[in-house]
Amino acid sequence: MEMATESKRRGHRLDWFVVVILCVLGYFSYTMIDQQIHLNELDRDCAAAQQRLETAQRENAELKDLKAKLDDPVYIEKTAREELGMTHEGELPYIAKK
């Protein structure tokens, strides 16, 4: 009978050990999955920020080009003629009928 009692005790020890190991593995698995989800969110945020940066850089380059053109008298004259309908002194504007 003593042998049967000892094997039952060993069985309970082994069962508790397995339960503890499974709990530890479950905790680490949960932590790893949670961290992976968080990293994926950060990657998406980083990609969105990178795209916004590229858009802002393109817009900045366009504005710098426009600023450089605003110092060019030929561009100023072209804009004044086309958008504002202005003419030089003595010129007659031509307006086409639609």
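Treat the numbers as computed from the prediction; the structure is a model and nothing was measured.

## Looking at the overall build of the chain
Right, so step 1: Secondary structure assignment for the chain yields two helices and zero strands.
Right, so step 2: Surface exposure of the chain reaches about 9,900 Å², of which carbon and sulfur atoms provide 61%.

## Some thoughts on the UniProt feature "coiled-coil region" (unreviewed entry) in the chain
Right, so step 1: Summarizing the sequence annotation, UniProt attributes the feature "coiled-coil region" (unreviewed entry) to residues 39-69 in the numbering used throughout.
Right, so step 2: In this annotation, residues 39-69 is assigned 100% helix and 0% strand; the end-to-end C-alpha distance for the span is 45 Å.

## Considerations on the pattern of salt bridges
Right, so step 1: Scanning the entire structure with this criterion turns up one salt bridge.
Right, so step 2: Here Arg81 and Glu77 are joined by a salt bridge, their closest N and O atoms 3.1 Å apart. Of this pair, Arg81 and Glu77 both sit in helix H2 (residues 73-84), four residues apart, roughly one helical turn.
Right, so step 3: Exposure remark for Arg81: the relative accessible area of 32% places this residue in the partly exposed category.

## A word on H2
Right, so step 1: Taking 1.5 Å per residue, twelve residues should reach 16 Å; H2 reaches 15 Å between its end C-alpha atoms and fits that length.
Right, so step 2: Within two residues after H2, Gly85 carries a phi angle of roughly 70 degrees, on the positive side.

## Some words on a nonpolar patch on the surface
Right, so step 1: A contiguous nonpolar patch, built from Phe17, Val18, Ile21, Leu22 and Leu25 and spanning about 480 Å² of accessible area, is present on the exposed surface.
Right, so step 2: A residue is classified by how much of its surface remains accessible, and Ile21, at 37% relative accessible area, is partly exposed.

Definitions and limits used
- Residues numbered from 1 in each chain as written.
- Predicted model: local features only at pLDDT ≥ 70, side-chain atom pairs only at ≥ 80, totals over all residues.
- Heavy atoms only, no water.
- Helix = DSSP H or I, 4+ residues; strand = E, 2+ residues; numbered from the N terminus.
- Areas by Shrake-Rupley, 256 points an atom, 1.4 Å probe, with all protein chains shown as cover.
- UniProt positions renumbered as here; feature names shortened; annotations may be inferred.
- Salt bridge = Lys/Arg side-chain N within 4 Å of Asp/Glu carboxyl O.
- Buried < 20%, exposed > 50% of the residue type's maximum accessible area, 1.4 Å probe, protein only.
- Expected span 1.5 Å × (residues − 1).
- Patch = residues over 30% accessible without salt bridge, like charges linked within 9 Å, V, L, I, M, F, W, Y side chains within 5 Å.

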